[in-house]
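# Report on the structure
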Amino acid sequence: MKIVPFIPENAPFSVEQRAWLNGFLAGVLNRGAAVSGAASAETKRPLLIAFGSQSGNAESLAKRLAREASGRGFAARAAGLDSLQPADLIKEQNVLLITSTWGEGDMPDNAVSFWDSLNQNGSSPKLDGVQYSILALGDKNYGDTFCLAGKKLDTRLAELGAKRIVDRVDCDVEFDDLAKKWSANAFTVLSGVDAPASSIATEAEEEAGYSKKKPFPAKLIANVPLNSRGSSKDTRHIGFSLTGSDLTYEVGDALGVFVQNCPKVVDAVIAAHAFDPQVVVALPDGGSAPLREALIKHYEVRNLYGKGPEANLALAAFMENLRKLQPRLYSIASSIKKHENEVHLCVAAVRYSSDGVPHKGVASTFLADRLPLDATTGIYFHAANHFRLPADLTRPVIMVGPGTGIAPFRAFLEEREATQASGNNWLFFGDQKRASDFLYHDQIIEWVQKGHLTRLDTAFSRDQEEKIYVQTRMLQAASELWQWLEEGAHFYVCGDAKRMAKDVDDALHSIIQTAGGKTAEEASAYVNQMKKEKRYARDVY
Ligand SMILES: Cc1cc2nc3c(=O)[nH]c(=O)nc-3n(C[C@H](O)[C@H](O)[C@H](O)COP(=O)(O)OP(=O)(O)OC[C@H]3O[C@@H](n4cnc5c(N)ncnc54)[C@H](O)[C@@H]3O)c2cc1C
Ligand SMILES: NC(=O)c1ccc[n+]([C@@H]2O[C@H](COP(=O)([O-])OP(=O)(O)OC[C@H]3O[C@@H](n4cnc5c(N)ncnc54)[C@H](OP(=O)(O)O)[C@@H]3O)[C@@H](O)[C@H]2O)c1
Ligand SMILES: Cc1cc2nc3c(=O)[nH]c(=O)nc-3n(C[C@H](O)[C@H](O)[C@H](O)COP(=O)(O)O)c2cc1C
């Protein structure tokens, strides 16, 4: 029989001391029953590692941390915030929460309904007895909204009575080292003994093969303009060879691409500061290189270009302010079942003027203009477990993907063709002009003709006076769309996050109200239920 020790709440101990004593006594009292060398399942301290994640970083970190915690004797599990209610935290008691921030300071999609439940007037539960700490993932480029989702969750959990056992840590894009320190502190407090330095394996350490830390040098095998004459856009079909890598991917995943700055931009920055391009400087991950090479390959310089230069700035001060050049993610536009040993992307070259100075996006123009065919650049796969086709091949799918948002849906449609999925497929595509901007026109029309694409609705915004957008077409087809949803269709959105994805979400709510005869609250509940069932997924940027 297992003896359960109980230190009463009014005993003169803090929450964490009481939790530790209960755990310790359980271990001593039940030693005979314990498996040699390890805590028995009953005496292991429960630990929930909850994650709010859009593109998979927080999710992957939470899962790796759960494995690490299990190795340290915790009964640890990782769970998405979409599978949790605030009341679950009370049951679990020990909670480490990792969340990213999306949009403009927003919760990631899988954290929205949890966040709403925490803020329901009158019905949000008291969280006394819950011990928690938060690791917030973000990007300092977002300025005032840096790690805002993590900050908001931290404040709200404390307001509801939960006890913060370790201060929140806010991480910029490089988060592995801070995550290790934060988790070691949390383990120390939760276990009541000094935990050795945390050694959560980074993704690279866990993966034997190629990864973000060890990218595969992939050969560029395609760079095809997808817009024709008269277009104001420059969108490219980009292909990389995976030959020699053993790498594979699933549709829905993204590809990370290592890129370089434009040498002309770097030369202009160096000249503006009157630096010697050959002077040797330190690199962000150790080692050194001449300044020009370091700025082309290793540091972000786009923010410096065309700005009023501080000509007398010392090199050391200049280097101190530089951020490491980051790889960029692109939604994968191919199915490996159709294109063996290849991965395809659909990339919009970013070019704009600001204060009369022409600017170009680092990665998109590297791919469009500067990486020659047959040359290589580092790539890695970034899993997107939230953005998957239904396992049930008979399920209908609705895909809304204007502009480069078409990328994952080309991949989905290729995959559904290869797997002979019998479920119906409905695509909403839009761009500026039908004549010049109908990306992947021939392949899409062939799918319509073959009946693989059950329904195609296009929205060309600049072919007429008034703007017609994908959501215009959705609203026009409200009753059919509602019918598909009721038949269990999965609803996917990809593309611009700032405007399009928000407007499409509004249109979806509106359709559920008008065609489904629901109130605004019922429509929100319907959409939340779709998210829970993983029938509403977004890949927006
Ligand atoms: C999960 C995910 C999937 C993605 N999938 C795709 C995809 O399939 N296809 C695709 O093309 N992109 C995709 N992106 C976006 C992609 O990662 C890059 O952000 C994009 O290519 C721009 O990168 P860049 O290096 O060329 O531009 P950067 O050098 O990073 O410059 C972009 C920055 O320039 C500024 N800027 C841009 N336009 C203007 C303007 N008009 N006026 C003023 N400032 C402006 C903004 O600050 C913007 O953040 C995806 C992003 C994510 C996170
Ligand atoms: N900085 C921004 O605010 C912003 C906005 C969009 C895209 N982008 C970036 O620009 C790059 C290229 O984008 P893209 O090729 O994918 O296409 P895109 O610029 O998103 O445009 C695709 C189509 O969507 C239309 N659109 C514009 N606003 C919309 C809205 N609120 N709802 C629905 N549709 C809308 C566009 O119409 P019109 O152009 O005629 O309005 C166009 O027909 C991407 O890197 C993307 O992230 C930036
Ligand atoms: C479209 C987009 C919007 C973002 N918005 C923010 C933001 O407002 N604040 C912030 O700190 N980070 C922002 N980020 C950065 C993410 O939080 C960061 O990349 C994080 O590591 C993503 O983790 P995830 O993959 O678990 O979602 C944004 C990233 C993207 C692509």
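Here, every reference points to the structure presented above.
What comes next concerns the included structure. (Residues numbered from 1 in each chain as written. Chains lettered and ligands numbered in written order. Predicted model: local features only at pLDDT ≥ 70, side-chain atom pairs only at ≥ 80, totals over all residues. Heavy atoms only, no water.)

## A closer look at the overall build of the protein
How we decide: Each helix corresponds to a stretch of at least 4 residues labelled H or I by DSSP, and each strand to a stretch of at least 2 residues labelled E; elements are numbered beginning at the N terminus. Think of it in three bands: residues with accessible area under 20% of the maximum for their type are buried, residues over 50% are exposed, and the middle band is partly exposed, with areas taken using a 1.4 Å probe on protein chains only. The contact definition used throughout considers only heavy atoms, calling two residues in contact when any of these lie within 4.5 Å. Here the accessible surface of atoms and residues is derived via Shrake-Rupley with a 1.4 Å probe, and residues count as covered only by protein chains that are part of the display.
Across its full length, the protein carries 18 helices and 23 strands. For the protein, buried positions account for 50% of its 541 residues. Counted over contacts in the protein with a minimum sequence separation of 6, partners at least 24 positions apart contribute 74%. When the accessible surface of the protein is summed, it comes to about 25,000 Å², and 50% of that surface belongs to carbon and sulfur atoms.

## Quick word on the site of ligand 3
To keep it simple, the criterion reads: It suffices for a single heavy atom of a residue to lie within 4 Å of a molecule or strand for the residue to be listed as near it. Nitrogen and oxygen atoms within 3.5 Å of one another constitute a polar contact, given that in protein one can donate a hydrogen and the other can accept it, and given that sequence-neighbouring residues count only through two side-chain atoms. Any residue that is not Ala, Val, Leu, Ile, Met, Phe, Trp, Tyr, Cys, Pro, Asp, Glu, Lys or Arg is counted as polar, Gly included; the first ten are nonpolar and the last four charged.
Neighbouring residues of ligand 3: 20 residues in total, closest Ser 53, Ser 55, Asn 57, Ala 58 and Thr 101. Taking Gln 54, its main chain carries an N or O atom lying 2.8 Å from an oxygen atom of ligand 3. Note that an oxygen atom of ligand 3 is positioned 3.1 Å from one of the backbone N or O atoms of Asp 139. For ligand 3, whose accessible area on its own is 650 Å², the fraction buried by protein is 90%. Of the residues in the shell around ligand 3, the class split is seven nonpolar, eleven polar and two charged.

## Overview of the site of ligand 1
Taken together, 18 residues lie near ligand 1, and Leu 329, Tyr 330, Cys 346, Ala 363 and Ser 364 sit nearest. The side chain of Tyr 352 places a nitrogen or oxygen atom 3.3 Å from an oxygen atom of ligand 1. Between Val 362 and ligand 1, the recorded distance is 2.8 Å, taken from a backbone N or O atom to an oxygen atom. Coverage of ligand 1 by the protein amounts to 68% of the 980 Å² it exposes when considered alone. Within the residue set of the shell around ligand 1, elements represented by two or more residues are strand S14 (328–331), strand S15 (342–348) and helix H11 (362–370). In terms of residue count, S14 provides more of the shell around ligand 1 than any other element does, four residues in total.

## Topic: the sheet that holds strand S9 (residues 254–257)
Note the threshold: In this description, strands pair whenever DSSP reports at least two bridges between them. Between the N-to-C directions of two axes lies an angle of 0 to 180 degrees, each axis being a line fitted to C-alpha atoms and, for a helix, fitted only over the stretch in contact.
Read from one edge of the open sheet, six strands run S14-S9-S18-S7-S8-S15, paired in antiparallel fashion. The open sheet has two edge strands, S14 and S15, and neither has a second partner. Pairwise comparison of adjacent strand axes, ignoring direction, gives a mean angle of 40 degrees for this sheet. Sheet topology places S9 next to strand S18 (residues 376–382); four bridges connect them, and they run antiparallel.

## A few points about the side chain of Asp 139
When you line up the elements, Asp 139 lands in the loop between strand S4 (131–137) and helix H5 (148–159). A distance of 2.8 Å separates a polar atom in the side chain of Asp 139 from the backbone nitrogen of Asn 141. Contact partners of Asp 139, with chain neighbours within four places excluded, come to Phe 146, Cys 171, Asp 172, Val 173 and Arg 323.

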